[in-house]
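Summary of structural features
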Amino acid sequence: MTEKFNTEKVTGAHSLELGDPTFVREENEGVDKIYELKSELVNHCLQTEIGWGRYQTELFIVSGFGWAADNIWLQGVAIILPQIALEMNPPHIAFATLALYVGLICGATTWGVLADIIGRKLSWTITLLIAGVFGVAAGGAPNFVTLGALVACCGFGVGGNLPVDGALYLEHIPQRYQWTLTLLSVWWAVGQLIASLVGWVFIANFSCPDTTIPGTCPRAQNNGWRYTFFTLGGITLLMFICRYFIFNLQESSKYLLAKGRDEEAIAVLQRVAKKNGRTITLTLEKLQAISGGTPPVPLSSAQLFRRALQGMSLSHIKPLFATRRLAVNSTITIWLWGLIGLAYPLYNAFLPIYLSHHSVSSGLGVNGTYRNYSIISVLAIPGSLIACWMVDWTRKGRFSFGGRKFAMATSTALTGIFLFLFTTATNQTGVLAYSCVTSLTQNAMYGVLYAYTPEVFPAPHRGTADAVCSAFNRVTGLMAPIIATYGDLNTSVPVFVAASLFLVAASLMLFLPIETAGKAAL
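Summary of the structure given here. Note that the structure is predicted; figures quoted are calculated from it, not measured. Sequence order as written defines residue numbering, which begins from 1 separately in each chain. Per-residue local features are limited, in this predicted model, to residues with pLDDT of at least 70; the limit for side-chain atom pairs, both in listing and counting, is 80 or more; totals at the level of whole chains, interfaces and linings are taken over all residues. Only hydrogens and water are removed before side-chain values are computed, so all heavy atoms of the structure are retained for them.

**Focus on the packing of helix H4 (residues 120-138) against helix H6 (residues 161-170)**
One way to put it is that H4 packs onto H6 with a least axis distance of 9 Å and a crossing angle of 135°. The angle between H4 and H6 falls in the class oblique. In the packing of H4 onto H6, the handedness of the crossing is left-handed. Residue-level contacts link Arg120, Ser123, Trp124, Thr127 and Leu128 of H4 to Asn161, Val164, Asp165 and Leu168 of H6. Its residues assigned to classes, the contact of H4 with H6 comprises 4 nonpolar, 3 polar and 2 charged. To get an axis, a line is fitted to the C-alpha atoms, and for a helix only the part in contact is used. The angle between two axes follows their N-to-C directions and goes from 0 to 180 degrees. Counting from the N terminus, the helices are DSSP H or I runs at least four residues long and the strands are E runs at least two residues long. Should an angle fall under 35 degrees it is taken as roughly parallel, and over 145 as roughly antiparallel, whereas 65 to 115 is taken as roughly perpendicular and any remaining angle as oblique. The handedness criterion is simple: a crossing whose near helix is rotated anticlockwise from the far helix by less than a right angle is left-handed, and one whose near helix is rotated clockwise is right-handed. Whether two residues are in contact is decided by their heavy atoms: any pair within 4.5 Å suffices. Gly counts as polar in this scheme, as do all residues outside two lists: the nonpolar Ala, Val, Leu, Ile, Met, Phe, Trp, Tyr, Cys and Pro, and the charged Asp, Glu, Lys and Arg.

See the structure below:
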């Protein structure tokens, strides 16, 4: 039930009529009332005074780097697997993907939780540096074990991008532009396209023929995958340079509010407004009027350190299940990430291998394999644009439908259906066609899921909530290489399993009790 806030408590503190349905969220959704009132004021400031400007445009770009890097390395590992098999001939080639997911799990958990304890800035900045350094190093790996270890370290950096970038971006934009969080998924598609094009250039021209017997391909004739990793690592480091040295990132004002650092929160909002060429009327006095005019007591360095250690507990987990409604929503959301985390890599992480098998049988060769993979990557980009249109599309009447949940369920169900059709393809044209359509629908699905998840959780616990979802996504993703290995990559069994999981996830989405369309994030 939606409540009206006590306007007497903050009379004279601001001109906003508290209780505006645009800014109101459900009662007791994992935050205390003082934070909720302050957050409403910040949302109003972002919406009516700061708006969308130069700061948000630049933030959209540099936040997108994190999304792109995540898929660059997911696809980067995927596209080198056929050539790794020819050169190193490991017993289980899918274990390279397993190593990446180990790193992704550790990264998602570590950086996401730290974002709620010490702030968003450190996690947001350092992840790309770690990914770039170890990505370049992986290109020089002399054997499969070393490759797996370096790929895992790269994954540790990459794994922190999605849970942190989405939360930080959401907390700097006004409510009317929250649909751009869905648009961020276009960078995910761009990352896949970058990896595909780089792989096409190097692997297609500097690799052993796909008819080579595994284990007989000499390193000197198979440097294409190494050049690919060097290039992708260099691109990731360039992204880090843009983030750290060029863009002046501000800490999240809502994170600062949650930590009682109201003065710093106001300073952040003022700096963002100044970059947009605007001014704000929200002041420290107005925020403190909500808490009775008592300013927070400054903490020493030792106290801040102890508070950070205390934060390494379940204090950010329990509020995600504070009410029955929120508990149901959190549980379903986490399971959705888990189901999709298993389904996605069962198809995408081994797509180059599937395409390679079809290319050999049809005589396309290595060049044809990576050409088709690049075409499939291009088709992912329109999926983000379609998702942006769908997320705020609603219809009212006897039966209301639309919004985030409808968009997620529709795109996820279509992904499962087209994957089933993929398993029935008997020629190269059919394989390419179904792969292209699947690429479009699954990118639309991810675009909405990545927007809905940070929106539905309040800022004090958003980093942890995103970390839990992302980590569970990676944990189930660990099972994909095992299923792929023992389910036989030469058959359609892994893809059939993936299709089934997508359909189950689509069904669950219809039971989510919270719809975030048209509401400002806390």
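**Details of the side chain of Gln75**
For Gln75, the position within the fold is in helix H2 (residues 54-88). A residue is classified by how much of its surface remains accessible, and Gln75, at 1% relative accessible area, is buried. Discounting chain neighbours no more than four positions away, the residues touching Gln75 are Gln192, Ala195, Tyr344, Asn348 and Tyr373. Type-normalised accessible area, obtained with a 1.4 Å probe on protein chains alone, sets the label of each residue: buried when under 20%, exposed when over 50%, and partly exposed for intermediate values.

**Things to note about the pattern of salt bridges**
The term salt bridge refers to a pairing of a side-chain nitrogen on Lys or Arg with a carboxyl oxygen on Asp or Glu at a separation within 4 Å. Scanning the entire structure with this criterion turns up 8 salt bridges. With a shortest N-O distance of 2.8 Å, Arg120 and Glu171 are connected by a salt bridge. Residue Arg120 is found in helix H4, and its partner Glu171 is found in the loop between H6 and helix H7 (180-183); the two are separated by 51 residues along the sequence. The burial state of Arg120 is the same as that of Glu171; both residues are buried. The salt bridge involving Arg261 is made with Glu264; its shortest N-O contact spans 2.9 Å. Taking relative accessible area as the criterion, Arg261 reaches 29% and is therefore assigned partly exposed. Look at Glu264 and you get partly exposed, because its relative accessible area is 38%. Linked by salt bridges that have partners in common, Arg54, Glu58 and Lys275 make up one network.

**Examining the state of the cysteines**
Put simply, a disulfide is two cysteine sulfurs that come within 2.5 Å. A full pass over the atoms with the stated rule returns 1 disulfide. At a sulfur-sulfur separation of 1.8 Å, the disulfide partner of Cys208 is Cys217. Judged by the sign of its S-S torsion, about 80°, the cystine formed by Cys208 and Cys217 is right-handed. For the pair shown, Cys208 and Cys217 are each scored as buried. Free of any disulfide, Cys153 has its nearest cysteine sulfur in Cys154, 8.8 Å distant.

Everything listed here is a matter of geometry and, on its own, says nothing about what the molecule does.
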